[in-house]
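# Structural characterization, general
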Amino acid sequence: MSVAEPLPTHCAVPPLATRARAVGGSPVRDILAVTARPEVINFAGGLPAPELFDAQGIAAAFEAVLAEAPARALQYSTTEGEPALREALAARTTARGLPTGPDDLLVTTGSQQALSLLATALLEPGDTVLVEDPCYLAALQAFGFAGARIVAVPGDEHGLDPEALEDLVARERPKLLYTVPTFQNPTGRTLPAARRAAVAAVAARRGLWIVEDDPYGELRYDGERVPWIAAHPGAEDRTVLLGSFSKVMAPGLRLGWLRAPGELRRACAVAKQAADLHTPTVNQLAAARYLADHDLDAHVTRVAGVYRERRDAMLAGLAGALPEGSVWNRPEGGMFLWARLPEPYDTTALLEQVVRQDVAYVPGAPFYAGPPDRTTLRLCFVTQTPEEIGEGLRRLETGLRGRTP
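A brief structural summary.

Rules behind the numbers
- Throughout, residues of each chain are indexed from 1 in the direction in which the sequence is written.
- Only residues with pLDDT of at least 70 get local features here, since the model is predicted, and only at 80 or more are side-chain atom pairs given and counted; chain-wide, interface and lining totals rely on the full set of residues.
- Excluding hydrogens and water, the side-chain figures rest on all heavy atoms present in the structure.
- Counting from the N terminus, the helices are the DSSP runs of H or I reaching at least four residues and the strands are the DSSP runs of E reaching at least two.
- Note on classification: 1.4 Å probe, protein chains only; a residue is buried when its accessible area is under 20% of the maximum for its type, exposed when over 50%, partly exposed between these limits.
- Working rule for contacts: check all heavy atoms of both residues, and any pair within 4.5 Å makes them a contact.
- Only four residue types enter the charge count, namely Lys and Arg as positive and Asp and Glu as negative; His and the chain termini do not.
- By convention, the point assigned to a charge is CZ for Arg, NZ for Lys, CD for Glu and CG for Asp.
- Strands are treated as partners if at least two bridges between them are detected by DSSP.
- Think of it like this: strands point away, you trace from the first strand over the helix to the second, and a clockwise trace means the crossover is right-handed.
- The axes are straight lines fitted to the C-alpha atoms, using for helices just the contacting stretch, and the angles between their N-to-C directions are given from 0 to 180°.
- Salt bridge criterion: a side-chain nitrogen from Lys or Arg within 4 Å of a carboxyl oxygen from Asp or Glu.
- For the purposes of this section, nonpolar cores are sets of buried Ala, Val, Leu, Ile, Met, Phe, Trp, Tyr and Cys residues that join through side-chain atoms within 4.5 Å.
- Helix span is expected to be 1.5 Å times the residue number reduced by one.
- The arc refers to the directions leading from the helix axis to the C-beta atoms.
- Throughout this description, a polar contact denotes any pair of N or O atoms lying within 3.5 Å of each other; where both atoms belong to protein, one of them has to be capable of donating a hydrogen while the other can accept it, and for residues adjacent in sequence the pair is counted only when both atoms sit in side chains.

Turning next to the overall build of the protein chain. Scanning the protein chain for helices and strands turns up 14 helices and 15 strands. A burial count over the protein chain gives 53% of its 405 residues as buried. Counted over contacts in the protein chain with a minimum sequence separation of 6, partners at least 24 positions apart contribute 75%. Across the protein chain, 40 positive and 49 negative side-chain charges occur, with their mean positions spaced 2 Å apart.

Here you go:
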């Protein structure tokens, strides 16, 4: 009588796809996991301030939807998105200077999904994608998973350089340019109107497709609104505009959208069918109801007023917190401030000793598609009160100098 071989206690994982091995996780998410302790003053996150959510208004919208149309709210929906929400989004987009109809829009599960859908619909392995330098980190991940070759466009404190962009388009023949021109993540900078017009002109001359991501544009504190690149002559029929409720309503709703020409929008809808069929129906209907019953613009104005105070508190304390010779910007809106320390500071190497002071930032290096500037760092100023920001900057000063209190 033979004795059966013992069954293995663990099954080996199948070999991972090349793209899963090649693209790393998000350093920002890794930092947030390390700094989740309540005593940490966290300038690392990209999270809106939760105490400013209109929880009562959002709850009322969900209650109304579930009371009046429960069967519809809890049922499958169309991939393109609920008509009531698309109509409201089209009206808001049109009012901001870009004529848009409901059928021009695809509702997505956050604007991050829109990036993944566009990568799926447009990119073959080896295709070239142009990005800003530095660039939104999760966009680098999305394009990396698609196997794209990512090339940074040179720029300055105002954003990408249109002349450098045109040279790269002629040389690299890219599939698209990805940009966050308003209150960019990570730098907080805003591309001036003249450069937007120049980028649109490059797109028209060279046949360049643009993905314009605008999650922060409504959070303006100073100055006048700058029109979207998508609204400029020459860019109208070759720009995909992305939007999101994450920063102005609530990120937990996971509601975003893309505006794109019909053929590309339909390709993204097919990709979405393969990903999640559709964005949750109840969330879409609740958002549409919220827009009908509440003044979202007034809510955003109140939020922006609080964020302005927090930005000013951070700006007021930076000179005492950062080493002599550091430089930083003054964002006109959004959530982020970008700083550069003098050589030989390395913000990645310094992070561990800074976190020991119960404060955190995001090193700038992961945001670069090419050689990184290791002296840079990103600070998010919206989730702490001015008093907490002041204390956090004192801790940051201690950590950067390697001293104990």
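From this point, the discussion proceeds with the structure in view.
The next point concerns the pairing of strand β8 (residues 210-213). Residues Ile-210 and Glu-212 line one face of β8 and the alternating positions Val-211 and Asp-213 line the opposite face, and both faces are buried. In the sheet, strand β7 (residues 176-179) pairs with β8 via 3 bridges, with the strands oriented parallel. Along β8, the bridge assignment pairs Leu-177 with Ile-210. In this fold, the crossover linking β7 to β8 by way of helix α9 (residues 193-206) has right-handed handedness. Sheet analysis places β8 next to strand β9 (residues 239-244), joined by 4 bridges and oriented parallel. Bridging from a neighbouring strand, Ile-210 pairs with Thr-239 of β9.

Read from one edge to the other, the open sheet built from 7 strands follows the order β2-β10-β9-β8-β7-β3-β4, with strand pairing classed as mixed. Where the open sheet ends on each side, the last strands, each with one partner, are β2 (105-108) and β4 (149-152). Going from strand to strand, the sheet's axes swing by 20° on average, the running direction of each strand aside. Sheet topology note: the β9/strand β10 (residues 256-259) ladder contains 4 bridges and is antiparallel. Looking at β10, one finds that Leu-241 is bridged to Arg-259. Running over the sheet, helix α6 (residues 111-122) touches β2, β7, β8, β9 and β10 and is turned about 155° from β9.

Within this structure, the stated rule accounts for 27 salt bridges. As a salt-bridge pair, Arg-289 and Glu-68 come within 2.8 Å of each other at their nearest N and O atoms. In this pair, Arg-289 is assigned in helix α11 (residues 281-293) and Glu-68 in helix α3 (residues 55-68), connecting sequence segments 221 residues apart. With its nearest N and O atoms 3.4 Å apart, the salt bridge here joins Glu-218 to Arg-96. Here Arg-96 lies in the loop between α5 (83-95) and β2 and Glu-218 lies in the loop between β8 and β9, a separation of 122 residues in the sequence. On the basis of relative accessibility, which here comes to 27%, the residue Glu-218 falls in the partly exposed class. Of the residues examined, Arg-96 reaches a relative accessible area of 23% and is grouped as partly exposed. Several salt bridges converge on common partners, so that one network encompasses Arg-92, Arg-96, Glu-218 and Asp-297.

Further remarks concern the sheet that holds strand β15 (residues 376-380). Pairing is antiparallel in the open sheet, where 4 strands are placed in the order β11-β12-β15-β14. Edge positions in the open sheet fall to β11 (327-328) and β14 (362-363), since each of these has one partner strand only. Sheet topology note: the β14/β15 ladder contains 2 bridges and is antiparallel. Within β15, the position partnered with Val-362 by the bridge is Arg-378.

The next subject is the pairing of β10. Here β10 shows no split at all, with Gly-256 and Leu-258 on one side and Trp-257 and Arg-259 on the other all buried. Two strands pair when backbone bridges link them, and β2 and β10 are joined in this way by 4 bridges, in the antiparallel orientation. Residue pairing across strands places Thr-108 opposite Gly-256, the latter belonging to β10.

Core analysis: the biggest nonpolar cluster contains 98 residues, and Leu-85, Phe-143, Tyr-178, Phe-245, Met-249 and Tyr-361 have the highest contact counts within it. When residues in this core are grouped by element, the largest group, 9 residues, is from helix α12 (residues 296-321). Those residues within four positions of Phe-143 in sequence are excluded, and the remaining contacts are Leu-115, Ala-119, Leu-123, Val-129, Val-131, Ala-148, Ile-150, Leu-176 and Tyr-178. The next biggest cluster of nonpolar side chains, apart from the first, holds 18 residues, and it includes Leu-168, Ala-200, Ile-210 and Ile-229.

Let's shift gears to helix α10 (residues 262-275). Compared with an ideal rise of 1.5 Å per residue, which puts 14 residues at 20 Å, α10 spans 20 Å between its outermost C-alpha atoms and is within 8% of the ideal. Buried within α10 are the following residues: Leu-264, Arg-265, Cys-268, Ala-269, Ala-271 and Lys-272. Relative to the axis of α10, the buried residues are bounded by an arc of 165° and lie together on one face. Turned more than 90 degrees away from the buried face of α10, the exposed residues are Glu-263, Arg-266, Val-270 and Ala-274. Buried residues along α10 sit in contact with β2, α6, β9 and β10. Following α10 by one or two positions, Leu-277 adopts a phi angle in the positive range, close to 70°.

The next subject is the environment of Pro-227. Inspection of the secondary structure puts Pro-227 in the loop between β8 and β9. Those residues in contact with Pro-227 that sit more than four places away from it in its chain are Arg-196 and His-232.

So, about the side chain of Arg-378. Following the sequence through the fold, Arg-378 ends up in strand β15. For Arg-378, which is buried and forms no salt bridge, the nearest opposite charge comes from Asp-213, at a distance of 12 Å. Here Asn-185 takes part through its side chain, which lies 2.8 Å from a polar atom of the side chain of Arg-378.

Everything listed here is a matter of geometry and, on its own, says nothing about what the molecule does.
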